[in-house]
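Structural description and commentary
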Amino acid sequence: MSSCGVGGTCYVKNDMPVPFHGTVTITSYAFATGKATVLATKPVSLPAGPGVTEWFDVTLPADPTAEIITAVVSYKSKDSGETETLSDNLIPLTAPAKMALSKANVKFTVGAAANVDGTVDITVTTDKVAVYVTLTTLANGRFSDNAFLLLPSQPAVVQFVPFGELDSAKLQSSLRVEHVASYQ
């Protein structure tokens, strides 16, 4: 995992029992436009953990109320050759109440049928940047991701993972979405 703190001091950490070879990328997203700016891309080679940590610095955006950053740790899969994300950390630069967010219109669509593995796809879209997008339902289960950053140009597909048998009617009727700007 990776994170950044005050003054742009960041770290990448390996707690796995095996060495890690990959990349950490720190990216800033402007609330007004959703524009991504890569602040740093750093190749890392960390020995087996626990607690193996490498520190580095980035220059943070000048206005902490106007942007949010992510720290993404990825690696190239030996099996597929594709880049795989191991950790994706959303890092606020100020308290959510101080974020200069526009009122986003966040919508979702529930898949018509369950996937082969029993999960249900939920596609989430927005017209403006939405921070800490959170899905809730009365149906018994969990979501594959929650409290995430949603950009206007990048719909997200989240899976609902039922605990036991899927109650599709309850999922459809009680599903709701919230985000920081809902409460500002």
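About the thresholds
- Residues numbered from 1 in each chain as written.
- Predicted model: local features only at pLDDT ≥ 70, side-chain atom pairs only at ≥ 80, totals over all residues.
- Heavy atoms only, no water.
- Pairing = 2+ DSSP bridges.
- Helix = DSSP H or I, 4+ residues; strand = E, 2+ residues; numbered from the N terminus.
- Axes fitted to C-alpha atoms, helices over the stretch in contact; angles between N-to-C directions.
- Polar contact = N/O pair within 3.5 Å; in protein donor to acceptor, adjacent residues only side chain to side chain.
- Disulfide = S-S within 2.5 Å.
- Buried < 20%, exposed > 50% of the residue type's maximum accessible area, 1.4 Å probe, protein only.
- Salt bridge = Lys/Arg side-chain N within 4 Å of Asp/Glu carboxyl O.

Attention now goes to the sheet that holds strand β4 (residues 36-46). Read from one edge of the open sheet, four strands run β4-β3-β6-β7, paired in antiparallel fashion. Either end of the sheet is taken by a strand with one partner, and the two such strands are β4 and β7 (83-92). Averaged over all neighbouring strand pairs, the angle between strand axes comes to 20°, with direction disregarded. Taken together, the nine bridges between strand β6 (residues 67-76) and β7 define a ladder with antiparallel strand orientation. Paired with Thr70 across the strands is Leu90, a residue of β7.

The next point concerns the side chain of Glu178. Locating Glu178 in the fold gives a position in strand β14 (residues 176-178). Within the local environment of Glu178, its side chain forms a polar contact with the side chain of Arg176, the two groups lying 3.2 Å apart.

On to the state of the cysteines, then. Counted by the stated rule, this structure contains one disulfide. In this model Cys4 forms its disulfide with Cys10; the gap between the sulfur atoms is 2.0 Å. The sign of the S-S torsion, about 105°, decides the handedness of the disulfide formed by Cys4 and Cys10: right-handed. An identical accessibility class is assigned to Cys4 and Cys10; each is buried.

Before going further, it helps to examine the sheet that holds strand β10 (residues 130-136). Ordered in space as β12-β10-β14, the three strands form an open sheet in which the pairing is antiparallel. Of all the strands in the sheet, just β12 (148-150) and β14 have a single pairing partner and so form its edges. On average, adjacent strands in this sheet sit at an angle of 45° to one another, irrespective of strand direction. Note that β10 and β14 share three bridges and pair antiparallel. When the sheet's bridge partners are listed, Leu135 is paired in β14 with Val177.

Let us look at the pairing of β6. Most of β6 is tucked away: seven of the ten residues are buried. Pairing of strand β3 (residues 20-30) with β6, which is carried by eight bridges, proceeds in the antiparallel orientation. Note on β6: the bridge partner recorded for Ala30 is Glu67. Taking the residues that link successive antiparallel strands as the turn, the β6-β7 hairpin has six residues, and the phi of Gly81 there is positive, at about 80°.

The next subject is the pattern of salt bridges. In the structure shown here, the tally under the stated rule is two salt bridges. Put simply, Glu54 and Lys42 hold a salt bridge, and the shortest N to O gap is 2.8 Å. Taken together, the positions of Glu54 in strand β5 (residues 52-57) and Lys42 in strand β4 put the pair twelve residues apart, joining distant regions of the chain. Residue Glu54 is classed as partly exposed on the basis of its relative accessible area of 24%. Looking at Lys42, the relative accessible area reads 22%, which means it is partly exposed. Here Arg176 ties to Glu178 by a salt bridge, and the two come within 3.2 Å at their closest N and O atoms. Residue Glu178 is classed as buried on the basis of its relative accessible area, which comes to 16%.

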